[in-house]
Amino acid sequence: MNRLVAFAICHLVVGLIAALPAVAAEPAKYAIAIHGGAGGWADLTPEARKGIEQALEKSLTVGRDILAKGGSSLDAVEQSVRVLEDSPYFNAGHGATYTATGQHQLDASIMNGADHTAGAVAGVSTVKNPISLARRVMTDTKHVLLAGDGAEKFAREVGAEIVSPDYFWTDRTRAEYEKAKAKAEVEARGEAAKPKTSQLAAPDHYGTVGCVALDTHGNLAAATSTGGLAMKKYGRIGDSPIIGAGTYADNETCAISGTGVGELFIRNAVCYDVAARMRYADASLADAAIVQVRDRLPKETAGLIAVDGDGDIVAEFNTNAMPRGMADSSGRFEVAIEPLDSSLRSE
């Protein structure tokens, strides 16, 4: 074959390839889910329901937009949780519940599924957005968890926004506290005559907030923030700032944020166990979540949200309701409070 013929053949092949229709690259997937706490959420006034739904929509929009623009899952979960912390309707940030002595002690954590780095704070009382301080623990220290006075000092060192403890009171939480305080005083006077009331009895709602996300780079992240258990004892810390209990993220499995009775999440390492079932037992995200919420944990105590590397989202809870939202790159965008189907409830 002479050079002229070879050139003609090459030219023909190039022309044929150029004439083929262009195949558009499939857009990278992203997905995000948020929650506002598992619990009863009974007797919501129209005003409260509207406020909750608006806060969920705002939080979901903020996170979704970050992901849609190619932003990181860490940025998405932090900013989405900040919106929920700023709302008075959830037990986190501005709407945080109260301790037995009428104070506020807030906890939060965040985790990066790409490298398992994580940060958390516990027992802070003047930090406006604990989730952002948790991220600074992750990025600015060699530690994972800072608590109490140490976390407060660190907050001042890094320039976190500080507020008066009064900022965390709302009309709703003040009324709830006065009622709970009066009940506790009555029980204390009759303590010798009857058993002590368990602080693990389910309240109307738990209100912990959280977010999980998959970004277009394939990285997962999770974040959780809470005011803790109402009327909790001094120094009590729940699952929300405990990596593996209330928050976990791993690019090979899932990102997950839990809500409910913290002591149960700690004892059962709930969030890590979901990821472990996926990693070691090859369970799907949905099956791993269902085992936790419906089989391992008592009814009326738990809920969780999770997303995996394929963009699949799960929201499971065994309580009457769990305010939540889900969005992804397919155009999905939805928020809800009660179950969409009775099958979501644990029997």
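Parameters and conventions
Residues numbered from 1 in each chain as written. Predicted model: local features only at pLDDT ≥ 70, side-chain atom pairs only at ≥ 80, totals over all residues. Heavy atoms only, no water. Helix = DSSP H or I, 4+ residues; strand = E, 2+ residues; numbered from the N terminus. Buried < 20%, exposed > 50% of the residue type's maximum accessible area, 1.4 Å probe, protein only. Contact = heavy atoms within 4.5 Å. Areas by Shrake-Rupley, 256 points an atom, 1.4 Å probe, with all protein chains shown as cover. Polar contact = N/O pair within 3.5 Å; in protein donor to acceptor, adjacent residues only side chain to side chain. Pairing = 2+ DSSP bridges. Axes fitted to C-alpha atoms, helices over the stretch in contact; angles between N-to-C directions. Parallel < 35°, antiparallel > 145°, perpendicular 65-115°, else oblique. Nonpolar A, V, L, I, M, F, W, Y, C, P; charged D, E, K, R; others polar. Core = buried A, V, L, I, M, F, W, Y, C linked by side-chain atoms within 4.5 Å. Phe/Tyr/Trp six-rings, centres within 6.5 Å; stacked < 30°, edge-to-face > 60°. Expected span 1.5 Å × (residues − 1).

Draft legend 1. Examining the overall build of the chain more closely. Along the backbone of the chain there are 9 helices and 12 strands. In the chain, which comprises 347 residues, the proportion classed as buried is 51%. Counting contacts in the chain only where the partners sit at least 6 residues apart, residues at least 24 apart contribute 68% of the total. When the accessible surface of the chain is split by element, carbon and sulfur atoms take 54% of a total near 16100 Å².

Draft legend 2. View of the side chain of Thr208. If you trace the backbone, Thr208 turns up in the loop between α6 (171-189) and β5 (209-214). Of the polar contacts made by the side chain of Thr208, one reaches the side chain of Thr226; its length is 2.7 Å. Aside from chain neighbours lying at most four places away, what touches Thr208 is His35, Gly36, Gly37, Asn91, Thr224, Ser225, Thr226, Ser240, Gly258 and Thr259.

Draft legend 3. Molecular detail of the sheet that holds strand β9 (residues 302-308). The sheet built from 4 strands is open, its strands ordered β7-β8-β9-β10 with antiparallel pairing. On the outer flanks of this sheet lie β7 (247-249) and β10 (313-317), each paired with one strand and no other. Each strand axis lies, on average, 10° off the axis of its neighbour in the sheet, ignoring direction. Both strand β8 (residues 254-260) and β9 contribute to a ladder of 7 bridges, which runs antiparallel. Within β9, the residue paired with Ile256 across the bridge is Ala306. Helix α8 (residues 270-281) rests against β7, β8 and β9 of the sheet, and its axis sits at about 145° to β8.

Draft legend 4. Structural detail: the pairing of β10. Within β10, 5 of the 5 residues are buried, leaving the element largely enclosed by the surrounding structure. Judged by which residues are buried, β10 turns out to be covered on both faces: Ile313, Ala315 and Phe317 on one side and Val314 and Glu316 on the other are all buried. Where β9 and β10 come together, 5 bridges link them in antiparallel fashion. Across the sheet, Leu304 pairs through a bridge with Glu316, a residue of β10.

Draft legend 5. Summary view of the packing of helix α4 (residues 130-140) against helix α5 (residues 148-158). Axis separation between α4 and α5 bottoms out at 11 Å; the angle between their running directions is 80°. Considered as vectors, α4 and α5 are oriented roughly perpendicular to each other. Contacts between α4 and α5 involve Leu133, Arg136, Val137 and Asp140 from the former and Ala151, Phe154, Ala155 and Val158 from the latter. For the contact of α4 with α5, a count of residues per class yields 6 nonpolar, no polar and 2 charged.

Draft legend 6. Local environment of the nonpolar core. Ranked by size, the top nonpolar core spans 44 residues in total, and within it Ile32, Val77, Phe90, Ile110, Val121, Val124 and Leu133 carry the most contacts. Tallying contributions element by element places helix α2 (residues 46-68) first for this core, with 6 residues. Contacts of Leu133, omitting those with residues within four sequence positions, involve Val121, Val124, Val127, Ala151, Phe154, Ala155, Val158 and Ala160. Counting residues in each nonpolar core, the second largest holds 38 residues, with Met111, Leu304, Val307 and Ala315 among its members.

Draft legend 7. Representation of the side chain of Glu78 in the model. Tracing the backbone through its elements, the reader meets Glu78 in helix α3 (residues 73-86). Among the residues examined, Glu78 registers a relative accessible area of 10% and is labelled buried. Each residue touching Glu78, except ones within four places of it in the same chain, is listed here: Ile110, Ile131, Ser132 and Arg135.

Draft legend 8. A look at the packing of aromatic side chains. Enumeration according to the criterion identifies 6 aromatic pairs in this entry. The rings of Tyr98, Trp169 and Tyr177 are connected pair by pair, giving a single aromatic cluster.

Draft legend 9. Highlighting α8. An ideal rise of 1.5 Å per residue puts 16 Å on 12 residues; α8 measures up with 16 Å between its terminal C-alpha atoms. Listed as buried for α8 are Val270, Cys271, Asp273, Val274, Ala275, Ala276 and Met278. Where α8 is buried, its residues touch β7, β8, α7 (262-268), α9 (285-296) and β9. Phi for Asp282, located one or two positions after α8, is positive at around 55°.

Draft legend 10. Local environment of the sheet that holds strand β12 (residues 333-336). Pairing is mixed across the open sheet formed by 8 strands, whose spatial order is β4-β3-β2-β6-β5-β1-β11-β12. Edge positions in the sheet fall to β4 (145-147) and β12, since each has one partner strand and no second. For this sheet the average axis-to-axis angle between neighbouring strands, irrespective of direction, equals 5°. This element, α3, spans β1 (31-35), β2 (106-112), β5 and β6 (220-226) of the sheet and lies at about 155° to β5. Sitting on the sheet, α5 is in contact with β3 (118-124) and β4, with an inclination near 105° to β4.

Draft legend 11. A look at the environment of Met326. Residue position: Met326 is located in strand β11 (residues 324-328). Ignoring any residue separated from it by four or fewer positions in sequence, one finds Met326 in contact with Ile32, Ala33, Leu60, Ile313, Ala315, Arg332, Phe333 and Glu334.

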